[in-house]
Every structure is written in structure tokens, then in C-alpha cells.
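# Observations on the model geometry
Each chain, letter by letter, is given below.
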Amino acid sequence: MSQSQRQLRADRISKTPPYLFAEIDKKKAAAVARGVDLISFGIGDPDMATPPHIVAAMHEAIDDSRNHDYPPYEGTLEFREAVATWMQRRFGVSVDPVKEVMAVIGSKEAIAHIHTALVNRGDICLIPSPSYPVYRIATQFSEGIVYSLPLRESNRYLPDLGQIPNDVPDRAKIIWVNYPNNPTGAVCDLAFYEELVAFAKKHNIIICSDNAYSEMTYDGYTAPSILQVPGAKDVAIEFLSLSKAYNMTGWRLGMAVGNAELIAALGIVKTNTDSGQFKAIQKAGAVALTSSQDCISNMNAIYTERRDAMIAGLRSLGWQTEPMKGTFYVWAKVPERFSSAAAFCGHVLDETGVVLVPGNGYGDEGEGYFRAAITVSTEKIKQGIARLQEKNITYKSS
Ligand SMILES: *Cc1c(COP(=O)(O)O)cnc(C)c1O
């Protein structure tokens, strides 16, 4: 970077690495320019359409001029009430739609802004590694200190709270958790959340639970909300999203729910930063949450088929990867003959046009792994596996 660029940028962003997928997009563009026909297991963006009843609700809402003005900062009461109804039906959790629910412009927005609301310079944030990159980078933007909690296969990709050195938790402000988990596909049970709430209360730490994949689960597993734990509302805020559940990533609608003081703190940042989400989108979102949820089981059946194809394919090439119970990510080991995840993913892209994501993009503990998103058809997944086979890209070298 040139000297002048360095002066132009604030310190907080000049230390930030480029957003993971911005880098991968550059490599993909270069491959396409070379004439490579890509099969992308890269970014986790649903490839299927938003269900028609939600799109129809949007059509109706957009024609109504009452939806054209600034929305209330905290979200429309109609949307917040729909969230409260859904929380009750889905998790058996009661939340006050006025004080304990806030509409957010996609959960990513709120996940970033909660750091502005809570983290002072020098505060420790306990952040899993690997994890969704936003927790770490938003901590850095707030000049907090990232303390990584390794997620390891041997502990089913749950943080080992007992392993954290004694002096750390008492100096920590927040702890992030995300189950079903991006990038590992791991899930947790309510017992883990019970342990976490007890830990947070003991050390006076705020729990930020990212539940963006709450609805994307398989094999009869249902994901809990941390708010199901009695007393969780004393210490926790949960971020939920319509993006993955209803194929609505482009619509930008999610919700923060939980402790009223935490919601109010987030609200102070948001009222001074954005002016809410388009009311028509909130109307459609309320319809998504309160009408039949059959679209979710239909989509999960499709993802199950794709997951099974991906796992069977990797197994046929020597991987011992287990099928995940949630998210649309397969997390698998990089063959030992490659020096790094980036070297492996680069080799696979160059040789086959198959896009995989190096695990270390999600934190140092992700080194030695790659992530494959099943957001393409079963047929494409099979083609991708066939390309690996043709180029002899197997787990063990033969
Ligand atoms: C996709 C994703 C989000 C953000 O989704 P939004 O579209 O911003 O609601 C949040 N957390 C994780 C772990 C994700 O993978």
C-alpha cells in the first residue's frame, strides 16, 4: 500500500484484512477470465428463490403508499409483533415486542453495531476461532481485544469454557456463540447454552448469540434459542435472520431479541446510523414469520439431498467427513500433502474450477480445513466431485 493511501485510511481500517469473500471473488474473476467454467462451493448464499407467498406480500406492500415513508427506527410494531409470535411458536420463548425485539437491516448489520454499543477500547471479546469474520473485525473497529476461543473437532466445535485462563473471563465484556455454526456446520444442545448462561452470569459477561441458521437443520435435529434457558434474558441478546431461512439474503431483514437494556443500547447506535428497513420489506417479513413454515421443510429436504451427495462424494475420495446437522456448510480437512488451506483451495481452483474456501479465513484455528457450501444443485455437486476425481484430488495421495 502506498504511503498516501496509508494516510488516507483511519488506523482502524488500515489494519483490517480485505473481507474474505472480496478476495475469493478476485481469484474467481481471474479464473473466469482464463476461460475456466467455475463450480462454486464458495459463499453461502441460497441459490433458490424467495417463496412466492412472501414475494406476493411484498408486491402488495410496495403498492401501498403508507409504506413509502421512513420506518420507525426500531422496526414496525407489526414486524416486531410477528417476531414475538414466532419466538413463542418456534422456541416457546416470550419476548416483549416493544422492549425486547428490534428489526435490523440483516443480522450482519446488528452483529457489527452491537460492538459499537457495548465495547470500550481495551475490552476483551471472547470470539470463537474459526467463526464468521464480522465478530472479530467489529471488535477491532471498536478497539476491543479479541481473545480467541478455539473450536475443535475433539470438543464437537464447542468452546471449552473450562480451558479459558482464570484471569480472562472477569475482564471480558462479551462472548460470541453461533450454532448452527458457520463454518463448521456444528450444532449445540440446550445443555451447552445452560452452561454458557451460568458462565456469563458468574463472570458478568454479555452473551451475543448469532442464530442466523436456526431454521436450517436436518435429520430431525431442531436448533434451540439461547433464550430458552431460564434467566438467559438477564445476560443475552440473540441475532436471528430471515436471510437463510426464507432465501431472503438480498432483502436485508433480521431481528435482535433478548435483554431490553442490550436492545436499547443497540438502538442508540442504530438511530444515529441508519433509518431502518423499508416498511414493505418488514410487511413481507411479518408474512414470512407468521404464515405456513412448509417452505422451510421443503428447502431443508433439498439441502439434505445435496449434503448427502457432497458427503458421499468426499467419502468416495477418501475423506471421513461426517454429515452436518445444520447450516449449508461442509467442513473438511485439507489433505496433509498441502502446506496450507489456501494452497489446497488455490490448487483445486486452478486444476478444476471448483471454488472452496480456506478455513483459516475464519480464524487461525481454521487452518488445515476448507469449507464447501451446498448452495448449488445436487447435479453440480456431483460434477464438482467428478472434477476432483479426474484430477486425482483425493484425501490421501495414491
Ligand atoms: C449469513 C450469516 C449472517 C448474516 O446474515 P444476514 O443476511 O446479515 O442476516 C450472520 N451470521 C452468520 C454466521 C452467517 O453465516
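Note that the structure is a prediction, hence the values are computed from the model and not measured. (Residues numbered from 1 in each chain as written. Predicted model: local features only at pLDDT ≥ 70, side-chain atom pairs only at ≥ 80, totals over all residues. Heavy atoms only, no water.)

Across the sheet, three strands lie side by side as β9-β12-β11; this open sheet has antiparallel pairing. Of all the strands in the sheet, the pair left with one neighbour each is β9 (329–333) and β11 (357–358). In this structure, β11 lies alongside strand β12 (residues 369–373), joined through two bridges in antiparallel fashion. Counted as the bridge partner of P358 is F370 from β12. Each of β9 and β12 is contacted by helix α11 (residues 294–316), which is oriented at about 15 degrees to β9, the strand it contacts most. (Pairing = 2+ DSSP bridges. Helix = DSSP H or I, 4+ residues; strand = E, 2+ residues; numbered from the N terminus. Contact = heavy atoms within 4.5 Å. Axes fitted to C-alpha atoms, helices over the stretch in contact; angles between N-to-C directions.)

Take the site of the ligand next. Not every one of the 14 residues close to the ligand is listed here, only the nearest: D210, Y213, S241, S243 and K244. At a separation of 2.6 Å, an oxygen atom of the ligand approaches a polar side-chain atom of S241. Considering every element that reaches the shell around the ligand, the biggest residue donor is helix α6 (residues 107–118), with three residues. In terms of residue class, the shell around the ligand is built from four nonpolar, six polar and four charged. (Near = heavy atom within 4 Å. Polar contact = N/O pair within 3.5 Å; in protein donor to acceptor, adjacent residues only side chain to side chain. Nonpolar A, V, L, I, M, F, W, Y, C, P; charged D, E, K, R; others polar.)

Among the six residues in strand β7 (residues 236–241), six count as buried, and that is most of the element. Side chains A236, E238 and L240 of β7 all project onto a buried face; the interleaved residues I237, F239 and S241 project onto the opposite face, where all are buried too. The sheet contact formed by strand β6 (residues 206–210) and β7 spans four bridges and is parallel. Within the sheet, the bridge partner assigned to D210 lies in β7 and is F239. Sheet analysis places β7 next to strand β8 (residues 254–258), joined by five bridges and oriented antiparallel. Bridge assignment links F239 to a residue of β8, and that residue is A256. (Buried < 20%, exposed > 50% of the residue type's maximum accessible area, 1.4 Å probe, protein only.)

The next subject is the packing of aromatic side chains. All chains considered together, the criterion is met by 16 aromatic pairs. Site record: aromatic cluster; members linked through ring pairs are W319, F338, F344, F370 and Y395. (Phe/Tyr/Trp six-rings, centres within 6.5 Å; stacked < 30°, edge-to-face > 60°.)

With that settled, consider the packing of α6 against helix α9 (residues 260–271). α9 packs onto α6 with a crossing angle of 100 degrees between their chain directions and a minimal axis gap of 8 Å. When the interaxial angle is binned, α6 and α9 end up roughly perpendicular. The residues of α9 that touch α6, namely those facing E109, A110, H113, I114, T116, A117 and L118, are L262, A265, L266, V269 and K270. Broken down by class, the residue content of the contact of α6 with α9 amounts to eight nonpolar, two polar and two charged. (Parallel < 35°, antiparallel > 145°, perpendicular 65-115°, else oblique.)

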